[in-house]
Each structure stands twice: as C-alpha cells, then as structure tokens.
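Chain residues, written in single-letter form:
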Amino acid sequence: MTVIWTTEAVVVRVVRYGERDAILTLLTETGLVTAMARGGARPVGRLSAAARLCAQGTYVLYQGRGMGDVRQAEIARQRRALHEDVVKAAYAAYLCDLASRAIPERPDAPPAAYRQFVAVLDGLEADRVPADVLARAFELKVCAWLGVGPDWRVCIRCGAPLVETGEAPRYDPREGGLICPRCASLAGLDAVRGWPVPRKTSAVLHLLAHADIAKLHRVDLSGAMRDALSRILAHQLREFAGVGGRARQVLDEIVASLPDPPAEGHGDLDT
Ligand SMILES: [Zn+2]
C-alpha cells in the first residue's frame, strides 16, 4: 500500500546517496521521518533547496514499503544565515544532530519538540539571544524529554530547595543533578563532592528548562554561568542520555578556535 501525505518539516540530517540523491531526516510535528530526495544532492535542482540542513517547509512524501520519497517541497525558510556564519553554522549543525538523535520517530515526538526546535533555529538566525544560551535551553528540553532532567530547584540527595539559599550548590557528575552545600560537605573522602557552580545556577537551569524558547529575549548571563551551564549539560546529555557527545565536542572545538569569544554579559537572567 502506498500513500501520499503532506507535512510541515525541518531538515535535521542530510546524507548524500550516490551522485545525485540525498537521504533526509525530517523533523515533523509528530516526530522524525526519513525520506529520499531524488536529485537533492545536486547543487541546482527541483529538490536541492529542500535537501539542505535547517530548510523548513511543506514536504509532500510518497510512502511505499520502506523509505519514503520526497515528491515535492515548498520551502518557506531557507535559513541562509545559518549556513553563512561560521558560529551559527556550527551551532545549527550541532542542534540538528541533537534533534535527530534525541527526538523519536513519528508519531512519538513530545508535543513541544517541533515548535521548540524551530524556535531555537529562529533564535539563532535572529541574534537576540546568544547562541550558547539558546543551545543550553534546547539541551534542557532534550534532558526532560529523555528523562534525565531532574528538578533543578532542589538538591537531588536530600530534596532541600536550592533557589532560595544564599550558598552556591554543586553539580554532582555521578548522579546528574545539583546538590546542596550541606550534602556536598557531608560527602566522605571517597564520595564526589561535585563541581562548584555559580550561586544562581539552580534558578537559571530551572528557568531555561521551562522557558518557551520562542519567548526568550535579552538573556544576560555571566561568562562563569555560561561556562557552568555548558559543562553541566554536555555531561548530563552524554553520561545519562548517551546523546550529543561527539557533536558537542566538535561544536566546542570550533567555537574555541575562533579568535573573539562572544562578549560576556553581567547580571541576572532576564526573560
Ligand atoms: Zn542536600
């Protein structure tokens, strides 16, 4: 049995197949789907624009047995800026890779996955929020979808609230969550005392985890906070969900190799 169906989608992976064709992984509103774009690997052609990473539009798929075929596509967003700027291209490639590994196939995607992914690409294009903060917000969604996102407001050992306390919590890399100063100091010599993190880490993680990425704006975080979030979430995803390790390493290497790091903000998170 074959069906032709139409879906809104974003391209999250492109694998060249032979000289002319490309196998696309599309993120739709209900999850991932794989489809062949015939002629998609050609520089110019009917499906070339539809077979580029981050392209977004309406795809008409012909589904027989096995992999579907892209029959037609009307591209609404080419997202050229995400290909032209080195930093944006690196973040876009990382986020696409993360989405392609962390979001389930149709029809099992979490309801917000498509919208939040589109929002993170939009944010990257628009430049209102630093790229690393957008990536951290999306990583926090992924942690929650994969069941490795603890309640960042409380100590994972004793349940004490962390947001109101004046003292800095620590991140426990073995358990995958924040611990209060008391639990950190009680830990024996052999036990992990955790990584020191800035005082407001708990509040910022909770806020970014629950924020609608489309509504983030004027996020102003210190360099120390951004470093802590980066380290925590890379570890959380790699160790507890098994995603993002290699792609995240590539991203970090590209960003580190650039001459001017992004200007560091000072002050609190403001959304
Ligand atoms: Zn505790």
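These figures come from a predicted structure and were not determined experimentally.

## Here we look at the coordination of the zinc ion
And step 1. Ligation of the zinc ion by protein atoms is provided by Cys155 (SG), Cys158 (SG), Cys180 (SG) and Cys183 (SG), these donors lying 2.2 to 2.3 Å from the ion.
And step 2. The coordination sphere of the zinc ion comprises four donor atoms, whose angles at the metal cover 104 to 116 degrees; the geometry is tetrahedral.
And step 3. Donor residues for the zinc ion, ordered by position in the chain, follow C-x2-C-x21-C-x2-C. In this structure, Cys180 and Cys183 share a single accessibility class: buried.

## Some words on the layout of surface pockets
And step 1. When its volume is computed, the second largest pocket comes out at roughly 150 Å³.
And step 2. Taken together, Leu140, Lys141, Cys143, Ala144, Trp145, Gly149, Pro150, Asp151, Trp152, His206, Ala209 and His210 form the lining of the second largest pocket.
And step 3. Of all elements in the fold, only helix H4 (131–145) and helix H6 (201–210) reach the threshold of two or more residues within the lining of the second largest pocket.
And step 4. Per-element tally for the lining of the second largest pocket: the top contributor is H4, with five residues.

## Quick word on the packing of aromatic side chains
And step 1. Here the structure, examined in full by the defined rule, presents three aromatic pairs.
And step 2. Where Tyr171 meets Trp195, the ring centres are 5.1 Å apart and the plane angle is 50 degrees; that geometry is what we call tilted. Highlighted residues: Tyr171 in strand E6 (residues 170–172) and Trp195 in strand E8 (residues 195–196), separated in sequence by 24 residues. Each member of the pair Tyr171 and Trp195 is classed as buried.
And step 3. Sitting above the plane of the Trp5 ring, Arg106 keeps its charged end 4.0 Å from the centroid.
And step 4. Above the plane of the ring of Trp195 lies Arg231, whose end atom (NZ or CZ) is 3.7 Å from the centre.

## Points about the UniProt feature "domain: DNA replication/recombination mediator RecO N-terminal" (unreviewed entry) in the protein chain
And step 1. Per the UniProt record, "domain: DNA replication/recombination mediator RecO N-terminal" (unreviewed entry) is found at residues 1–78.
And step 2. Across residues 1–78 one finds 0% helix and 62% strand; the C-alpha atoms that close the span lie 33 Å apart.

## Some points on H4
And step 1. Helix length check: H4 (15 residues) gives 21 Å between terminal C-alpha atoms against 21 Å at 1.5 Å per residue, within 8%.
And step 2. Of the residues flanking the end of H4, it is Gly147, one or two places downstream, whose phi is positive at about 75 degrees.

## Some details on the packing of helix H3 (residues 113–126) against H4
And step 1. Where H3 contacts H4, the two axes come as close as 9 Å, and the packing angle between them is 170 degrees. With respect to each other, H3 and H4 are oriented roughly antiparallel. Here Ala113, Gln116, Phe117, Val120, Gly123 and Leu124 of H3 come into contact with H4, specifically with Ala131, Leu134, Phe138, Lys141 and Trp145.
And step 2. Tallied by class, the residues present in the contact of H3 with H4 amount to eight nonpolar, two polar and one charged.

## Comments concerning the pairing of strand E4 (residues 56–63)
And step 1. Most of E4 is tucked away, with six of its eight residues classed as buried.
And step 2. Bridge count between strand E1 (residues 3–17) and E4: eight bridges; the pairing is antiparallel. For Thr6, the partnering residue across the bridge sits in E4 and is Val60.
And step 3. Here E4 pairs with strand E5 (residues 68–77) via seven bridges, running antiparallel. Residue pairing across strands places Leu61 opposite Val70, the latter belonging to E5.
And step 4. Connecting E4 to the antiparallel partner E5 that follows it, the hairpin turn spans four residues, and Gly66 within it adopts a positive phi of roughly 80 degrees.

Basis of the calculations
- Residues numbered from 1 in each chain as written.
- Predicted model: local features only at pLDDT ≥ 70, side-chain atom pairs only at ≥ 80, totals over all residues.
- Heavy atoms only, no water.
- Donors = N, O, S within 2.8 Å, 3.2 Å for Na, K, Ca; no water.
- Tetrahedral: all angles 85-135°; square planar, octahedral: opposite > 155°, others 65-115°.
- Buried < 20%, exposed > 50% of the residue type's maximum accessible area, 1.4 Å probe, protein only.
- 1 Å grid on protein atoms, 1.4 Å probe; cavity = no way out; pocket = protein on both sides within 12 Å on 5 of 7 lines; lining within 4 Å.
- Points joined across faces, edges and corners; volume = space filled by probe spheres on them.
- Helix = DSSP H or I, 4+ residues; strand = E, 2+ residues; numbered from the N terminus.
- Phe/Tyr/Trp six-rings, centres within 6.5 Å; stacked < 30°, edge-to-face > 60°.
- Lys NZ or Arg CZ within 6 Å of the ring centre and 35° of its normal.
- UniProt positions renumbered as here; feature names shortened; annotations may be inferred.
- Expected span 1.5 Å × (residues − 1).
- Axes fitted to C-alpha atoms, helices over the stretch in contact; angles between N-to-C directions.
- Parallel < 35°, antiparallel > 145°, perpendicular 65-115°, else oblique.
- Contact = heavy atoms within 4.5 Å.
- Nonpolar A, V, L, I, M, F, W, Y, C, P; charged D, E, K, R; others polar.
- Pairing = 2+ DSSP bridges.

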